[in-house]
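# Fold and geometry: a report
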Amino acid sequence: MTFRAAAADTLLILGDSLSAGYRMAATSAWPALLDAKWQPQGTKVVNASISGDTAAQGLARLPALLKQHQPRWVLVELGGNDGLRGFQPQAVEKTLNQVITDVKAAGAQPMLMQIRLPANYGRRYNEAFSAIYPQLAKAFDIPLLPFFMEEVYLKPQWMQDDGIHPNRDAQPFIADWMATRLTPLLSK
């Protein structure tokens, strides 16, 4: 069996603190819970998320991750930190465009997660930022997953005291929620 065949059913998650498990053990984060659930069926989940990463930082790490893990699928959960820092939406879109291009060039199937910012960033900026994701998904004809945080925000007991990050109690819900949305995409 070649290495590529052994790694044929790997889902790489390229994200930021929302997927890295900010302020908790990595084993408690939703990607680790998803991995534990899916490994018996032969799908490995590799969490390559780093708290604080911008889209550009994710892009910089991507070539080595693609080479090391040779994933079949890559879920891109990036851009939130760019938006929180007020980066120009066009610049974020250009970077995410390159991430998707690189994933496709490596022979993997990219998937994109919608990212939304807090309302206090203003309607015009929020609309321009939020529009990046459906535009890229349409341009590349790739799946666009909903933003899981929109469900988590509804339960204050699932939020850390910073009001931005999900806590440990939210992780099983996020893992199940993501499994429900990812399973049909991975079985195609």
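Residues numbered from 1 in each chain as written. Predicted model: local features only at pLDDT ≥ 70, side-chain atom pairs only at ≥ 80, totals over all residues. Heavy atoms only, no water.

### Let's talk about the overall build of the protein chain
Counting its secondary structure elements, the protein chain contains nine helices and five strands. Across the protein chain, helices and strands are ordered from the amino to the carboxyl terminus as α-β-α-α-β-α-β-α-α-β-α-β-α-α. Here the C-alpha atoms of the protein chain give a radius of gyration of 16 Å, agreeing with the 16 Å that 2.2 N^0.38 yields for 188 residues. The principal-axis extents of the C-alpha atoms in the protein chain amount to approximately 55 × 35 × 25 Å. The 188 residues of the protein chain split such that 49% are buried. Counting only carbon and sulfur atoms, one obtains 54% of the accessible surface of the protein chain, whose full area is about 9,100 Å². (Helix = DSSP H or I, 4+ residues; strand = E, 2+ residues; numbered from the N terminus. Rg over C-alpha atoms; globule rule 2.2 N^0.38 Å. Buried < 20%, exposed > 50% of the residue type's maximum accessible area, 1.4 Å probe, protein only. Areas by Shrake-Rupley, 256 points an atom, 1.4 Å probe, with all protein chains shown as cover.)

### Focus: unusual backbone geometry
We note that R23 has phi near 60°; this positive angle belongs to a residue other than glycine. Its place among the elements puts R23 in the loop between α2 (17–20) and α3 (30–38). Judged by its relative accessible area of 54%, R23 is exposed.

### What to know about the nonpolar core
By size, the foremost hydrophobic cluster in this structure holds 56 residues, and its most contacted members are F148 and M178. Ranked by residues supplied to this core, first place goes to helix α9 (residues 171–186) with eight residues. Excluding residues within four positions of it along the chain, F148 makes contact with L18, S19, W30, M113, I174, W177 and M178. (Core = buried A, V, L, I, M, F, W, Y, C linked by side-chain atoms within 4.5 Å. Contact = heavy atoms within 4.5 Å.)

### With respect to the packing of α3 against α9
With their axes 9 Å apart at the nearest point, α3 and α9 run at an angle of 55° to one another. Relative to α9, the element α3 is oriented oblique. You can see that α3 and α9 cross each other, and the crossing is right-handed. For the pair α3 and α9, the contacting residues are W30, L33, L34, K37 and W38 in the first and Q171, P172, I174, A175, D176, M178, A179, L182, T183 and L186 in the second. Here the residues of the contact of α3 with α9 are counted per class, giving eleven nonpolar, two polar and two charged. (Axes fitted to C-alpha atoms, helices over the stretch in contact; angles between N-to-C directions. Parallel < 35°, antiparallel > 145°, perpendicular 65-115°, else oblique. Left-handed = near helix turned anticlockwise from the far one by under 90°. Nonpolar A, V, L, I, M, F, W, Y, C, P; charged D, E, K, R; others polar.)

### Some words on the side chain of D82
For D82, the location among the structural elements is in helix α5 (residues 80–84). Although buried, D82 forms no salt bridge, and the nearest oppositely charged side chain, R85, lies 6.9 Å from it. Setting aside anything within four residues of it in sequence, one finds D82 in contact with T54, A55, A56, F87, V92 and Y125. (Lys, Arg positive; Asp, Glu negative; His and termini not counted. Salt bridge = Lys/Arg side-chain N within 4 Å of Asp/Glu carboxyl O.)

### A closer look at the confidence of the model for the protein chain
For any part of a model where pLDDT is low, the fine detail of the predicted coordinates should not be relied upon. Counting all residues, the mean pLDDT for the protein chain is 93, and 95% of those residues have values of 70 or more. This stretch, residues 1–8, has a pLDDT under 50; its non-local contacts, to residues over four places away or in other chains, come to eleven contacts. (pLDDT = per-residue confidence, 0-100.)

### Some words on the environment of K37
Structurally, K37 can be placed in helix α3. Classification of K37 by relative accessible area gives partly exposed; the value is 36%. For K37 and A175, which are 138 residues apart along the polypeptide, the C-alpha to C-alpha distance reads 9.0 Å.

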